[in-house]
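Survey of secondary and tertiary structure
Single-letter residue listing:
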Amino acid sequence: MSENDNVREAKKSLKSHIKFLESLIKHLQFGDDVMRGRAMWASWCLHRYINDGLILDIEKAMKEHGGKND
């Protein structure tokens, strides 16, 4: 996979995640109680992971799969 392919895949992935996060916001704003509850749980889990685990996972990946910019 070329670097341009990697950039395209990264953009595609981020756009997908943004869509998911936007859907959580919509469920929190306009959803019924069930969907609002599920969106709250998903948001809480994402918050915990981003704050507690994501940085460690990024650092590990960079060490294991470092590239030109490390």
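Residues numbered from 1 in each chain as written. Predicted model: local features only at pLDDT ≥ 70, side-chain atom pairs only at ≥ 80, totals over all residues. Heavy atoms only, no water.

**Regarding the overall build of the protein**
- Helix and strand content of the protein: two helices and zero strands.
- Radius of gyration (C-alpha) of the protein: 16 Å, far over the 11 Å computed for a compact globule of 70 residues.
- Within the protein, the proportion of its 70 residues that are buried is 7%.
- Placing the 12 positive and 11 negative side-chain charges of the protein at their respective mean positions leaves the two points 5 Å apart. (Helix = DSSP H or I, 4+ residues; strand = E, 2+ residues; numbered from the N terminus. Rg over C-alpha atoms; globule rule 2.2 N^0.38 Å. Buried < 20%, exposed > 50% of the residue type's maximum accessible area, 1.4 Å probe, protein only. Lys, Arg positive; Asp, Glu negative; His and termini not counted. Charge placed at Lys NZ, Arg CZ, Asp CG, Glu CD.)

**Some words on helix α2 (residues 33–65)**
- The largest bend in α2 is about 50°, located at Gly53.
- Those residues of α2 lying buried are Gly37, Ala39 and Gly53.
- Where α2 is buried, its residues meet α1 (3–30).
- Its side-chain oxygen at 3.1 Å from the backbone nitrogen of Val34, Asp32 defines the N-terminal cap of α2. (Bend = angle between axes of the 7 residues up to and from the residue. Contact = heavy atoms within 4.5 Å. Polar contact = N/O pair within 3.5 Å; in protein donor to acceptor, adjacent residues only side chain to side chain.)

Everything listed is a geometric property; what it means functionally is a separate question.
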